[in-house]
Amino acid sequence: MKRFIARVLTFLACTAVVVGMSSFIPNPMLVERNLLGALPDKIQRLTESSSPKMVLIGGSNVSFGMNSELLANHFRQPVHNTALHAGLGLKFMLETCTGKIAEGDTVVVMPEYSQFQEGYEGSRELVAALCDVYPEGRKTLDLKQSLHLFPDFCSYSATKLCQRLRLVQKTSVSRVYTRDSFNQYGDAVLHWDLPQTAFSDFPPKAPNPKLNEEAFIGLREFKEHVDSCGAKFVLLPPSLKAVSFENQKSLIDAITKRLAEQNTEFDAECKRYRMSDLLFFNTPYHLNGSGVEQRTVKVIEDLDRILTVMPETSG
Amino acid sequence: MLFNSVEFALFLPITFSVFWLCRHQVSRNFVVLIASYIFYGWWDPRFLFLIIASSAIDYCVGLTLGKARKSWKRNLLLGVSLCANLGMLGVFKYYDFFTESLRQAASQAGIELGLPTLNLVLPVGISFYTFQTLSYTIDIYRKQLEPTKDAVAFFAFVAFFPQLVAGPIERASHLLGQFTIEKKFEYESAREGMCRILWGMFKKVVIADQCGALANPIFANYESMPGSVLVLGAIYFAIQIYCDFSGYSDIAIGTAKLFGFELMENFKLPYFSRDPAEFWRRWHVSLSGWFRDYIYVPLGGSRVSRWVTIRNTLIVFLVSGLWHGANWTFVCWGFLHWLYFLPLLLLGTNRRNVESESGGGHLIPSIRDMTGMTMTFMAITLAWVFFRSPTFADSIGYIGGMLDPSLFSMPKVYRSGLLWIGVLFIIEWIQKKKTFVLEISRLPTPVRWVIYALLVLLCLSHYRASSEFIYFQF
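Just so we're clear, the structure is a prediction, and the values are computed from it rather than from any experiment.

Scanning chain A from N- to C-terminus turns up 12 helices and 6 strands. The C-alpha atoms of chain A give 20 Å as radius of gyration, which agrees with the globular expectation for 315 residues (20 Å, within 12%). For chain A, the C-alpha atoms occupy an extent of roughly 75 × 40 × 40 Å along the three principal directions. Counting all 315 residues of chain A, 53% fall into the buried class. The positive charge centre, built from 35 side chains, and the negative charge centre, built from 36, are 9 Å apart in chain A.

A few words now on the nonpolar core. One finds Tyr-271, Trp-283 and Trp-384 of chain B to be the most contacted residues of the largest nonpolar core, which totals 162 residues. Broken down by element, this core gets its largest block of residues, 18 residues, from helix H9 (residues 227-258) of chain B. In this structure, Ala-38, Leu-94, Tyr-156 and Ala-188 of chain A belong to the second largest nonpolar core, which totals 52 residues.

To characterise two packed helices, one gives the angle between the axes of the helices and the distance between these axes. All names here are of chain A. Packing of helix H1 (residues 2-22) against helix H8 (residues 143-164) leaves a shortest axis separation of 8 Å and a crossing angle of 80 degrees. With respect to H8, the axis of H1 lies roughly perpendicular. Here H1 contributes Val-18, Val-19 and Ser-22 to the contact with H8, which in turn contributes Cys-154, Ser-157, Lys-160 and Leu-161. Tallied by class, residues from the contact of H1 with H8 come to 4 nonpolar, 2 polar and 1 charged.

With that settled, the discussion passes to the pairing of strand E3 (residues 106-110) of chain A. Residue and element names in this part refer to chain A. Extensive coverage of E3 is indicated by the burial of 5 of its 5 residues. Inspection of the sheet shows strand E1 (residues 54-58) paired to E3 by 5 bridges, in the parallel sense. When the bridges of E3 are listed, Val-55 appears paired with Val-107. Looking at chain direction, E3 and strand E4 (residues 232-235) are connected through 4 bridges and run parallel. From the neighbouring strand, Val-109 faces E4, where its bridge partner is Leu-235.

Let us look at the sheet that holds E3 of chain A. All names here are of chain A. If you walk across this open sheet you meet the 4 strands as E2-E1-E3-E4, and the pairing is parallel. At either end of the open sheet lies a strand with only one pairing partner, and these are strand E2 (79-81) and E4. In this sheet, adjacent strand axes meet at a mean angle of 15 degrees when their direction is disregarded.

Listed as interface residues are 30 residues of chain B and, on the opposing side, 25 residues of chain A. Both faces considered, chain B and chain A share a buried interface measuring about 2,300 Å² in area, 77% of it formed by carbon and sulfur atoms. Sorting the residues of chain B by area buried against chain A places Tyr-187, Trp-449 and Leu-457 of chain B first, and these three jointly supply 28% of that buried surface. Here chain B is connected to chain A by 0 salt bridges. Inspection of the region where chain B meets chain A yields 4 residue pairs in polar contact (both at pLDDT 80 or more). Secondary-structure elements contributing two or more residues to the side of chain B that touches chain A are helix H1 (6-21), helix H8 (187-220) and helix H17 (445-462) of chain B. Residue contributions to the side of chain B that touches chain A peak at 11 residues, all from H17 of chain B.

What follows is about the environment of Cys-229 of chain A. Residues and elements named next belong to chain A. With respect to the element layout, Cys-229 can be found in the loop between helix H9 (213-228) and E4. Taking the C-alpha atoms as reference, Cys-229 lies 32 Å from Ser-181; in sequence the two are 48 residues apart. Not counting chain neighbours up to four residues away, the residues in contact with Cys-229 comprise Ile-101, Ala-102 and Glu-103.

So, about the packing of aromatic side chains. If you walk through the whole model with that rule in mind, you get 78 aromatic pairs over all chains. Between Phe-272 of chain B and Trp-429 of chain B, the ring centres sit 5.0 Å apart and the planes meet at 90 degrees, which makes this aromatic pair edge-to-face. Of this pair, Phe-272 of chain B sits in the loop between H9 and helix H10 (276-282) while Trp-429 of chain B sits in helix H16 (residues 418-430), and the two are 157 residues apart along the sequence. One cation-aromatic arrangement involves Arg-3 of chain A over Tyr-187 of chain B; the distance from NZ or CZ to the ring centre is 3.8 Å. One cation-aromatic arrangement involves Lys-432 of chain B over Trp-429 of chain B; the distance from NZ or CZ to the ring centre is 4.4 Å.

Residues and elements named next belong to chain B. Running from N to C, helix H13 (residues 328-347) and helix H14 (residues 367-388) point in directions that differ by 160 degrees, and their axes come no closer than 7 Å. Between H13 and H14, the angle is such that the two are roughly antiparallel. Where H13 crosses over H14, the handedness of that crossing is right-handed. Of the residues in H14, those in contact with Thr-329, Phe-330, Cys-332, Trp-333, Leu-336, His-337 and Tyr-340 of H13 are Ala-379, Ile-380, Leu-382, Ala-383, Trp-384, Phe-386 and Phe-387.

To continue, consider the environment of Cys-83 of chain B. Examined against the element boundaries, Cys-83 of chain B turns out to sit in helix H4 (residues 71-108). For Cys-83 of chain B and Ser-249 of chain B, which are 166 residues apart along the polypeptide, the C-alpha to C-alpha distance reads 29 Å.

Rules of the game
Residues numbered from 1 in each chain as written. Chains lettered and ligands numbered in written order. Predicted model: local features only at pLDDT ≥ 70, side-chain atom pairs only at ≥ 80, totals over all residues. Heavy atoms only, no water. Helix = DSSP H or I, 4+ residues; strand = E, 2+ residues; numbered from the N terminus. Rg over C-alpha atoms; globule rule 2.2 N^0.38 Å. Buried < 20%, exposed > 50% of the residue type's maximum accessible area, 1.4 Å probe, protein only. Lys, Arg positive; Asp, Glu negative; His and termini not counted. Charge placed at Lys NZ, Arg CZ, Asp CG, Glu CD. Core = buried A, V, L, I, M, F, W, Y, C linked by side-chain atoms within 4.5 Å. Axes fitted to C-alpha atoms, helices over the stretch in contact; angles between N-to-C directions. Parallel < 35°, antiparallel > 145°, perpendicular 65-115°, else oblique. Contact = heavy atoms within 4.5 Å. Nonpolar A, V, L, I, M, F, W, Y, C, P; charged D, E, K, R; others polar. Pairing = 2+ DSSP bridges. Buried area = accessible area lost by both parts, 1.4 Å probe. Salt bridge = Lys/Arg side-chain N within 4 Å of Asp/Glu carboxyl O. Polar contact = N/O pair within 3.5 Å; in protein donor to acceptor, adjacent residues only side chain to side chain. Phe/Tyr/Trp six-rings, centres within 6.5 Å; stacked < 30°, edge-to-face > 60°. Lys NZ or Arg CZ within 6 Å of the ring centre and 35° of its normal. Left-handed = near helix turned anticlockwise from the far one by under 90°.

Listed below in structure tokens is the structure:
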């Protein structure tokens, strides 16, 4: 027994050291080529911007699903699409923007539904970003989130080593997922004119899905922060492919109900953003050019309605 | 709790330590029982009552059956067990399916039936543990097994966490006795267990999940795919389901070994089979054996007229299909396998390959073996299309798409999984005579450790949280 345990522990310790060391292997491709490389660009642009401004927050449903130029022209103020990837987690997205909101700003949060479950604290993309692209962001991590990200950290480090050892191929980055895919507003635009590619819908969710209470608390606290800055907070549902929307109905209903309980409900009906299957590009969240335009028009209509009512209700 | 989860990575060493710290088998069984209920309840604690109820019924029925002498009483007790276990399975797994099928059939005949559906969540592993408890009672009824009085051992046997949710479906005659023997830690067995866990993880995390990621969009968008890509999609699913399920079995067998238990082999390199009959002797062996012993043989097996034998095999294959899921696609899958089996049965060649191994002792298989293996793999892969498709119409559409002239075009996308499939087949072929694929104890320790480390790195690199095993849904 002692021999067995000693050998297993020795092997695990050796592996842990190798994996830990691998996290220091540089990944220049991520910075130069991958869309995560755009994270510092977006944060810098937001930091240097003046108010009043409109800030869009979310995952790739926002980065690949909004035309900020239309918003900027309609509302006559600069628009910053800070969104990149759902894997960064809503917690990181909100905390990155905290401190960069000022009086007169409008903050529009459009989180993927998965952010109210395990997605809130981020996943492998956040690890990759914090290791190789934006190490300054590590200060947003707390112990619980660090533990949550630990398996992804091991996985990411192991991947870097496997790539270095040529055990796995470096995944070729599609040009729509590069640092250069974004326009001056922060919208990914290269896919707008491309044809739809094959992808799977989200599978059906079981009734009574488990929600991440931390996500609701984090969102409420962020709303309070925005309110305290004298800015306007708007929460809109993400656009989602019709079939996936129906499959996720139980989750969407549960989120809507829970948000209403803490008075941070969506400012529009979720089914309004249930969009035709033909309007999507390569995932149930990524809209194509026509989809982006239709979704942006819906967002403008909603913001027109919400922002005209808001001063009366909040005042 | 998933085997490929952080929770299990913590749960296993804790359970292992507590188990071996206990000095007596009774307390160790208690540890196994509690650990198994935690393992199962992690997914949804509400369904623990089902497994406890199933265990309690068969424990009591078993004890009473052991004492009963009158045949009517024995029949009644067996009926109680059958009704309880199959009733549970029927309500949770099949009620909505049959109700909906009946409603649709009546609707086509112009009759509107107002049958309610239950929309119940299917408890994980229900098909596995109900079959395990059923076999215990049936064996006592047949006087092939003595009932146990040790309630903790019996409950632990039913809920034994390594094989609880996706098999192998163990027999009491093989596993229950192991709970009553005082165990001694054996280094070699534990080492083999760790190797099997590692190989199972590699198959699941690196190969099955990767093939699944390639197969899913192909099956979801088959209408717009060329025939050659559809063939690739079917092959990816064939490999996915094999590596997913046999990977689970390897992890289960390996985990059990850490606790000194021996589980039966569930997969014996099935894709090296030379005919469909051989495939069924190598694929999901514990289920095939269950159907043989508790359905096929009681129906008369092969000791009856040829036509009755054909009927019996048809029943077994249809029930096997239905066991996998409440959908007509699974029934079609079973029926197709029966069609494959039928010519062998009629020609009396279904046991032709019982004695010999594929490829014999040679590294290069003979042309006859190679042809047999290729044809069998193609036929099995075609049948998997029914298994994977959500509806019968989708299966037909998919197969129709495969037979399109574009079948002969070179697929330009979705080729990235072929390399790993090739690696898997080569390793399995080279190691086919070993007791398990990662049996490399003859190599020097540093070489073995490098191989283990590379496998761990690959598993970590491909790890994705919440990737469930396919057979959990059955």
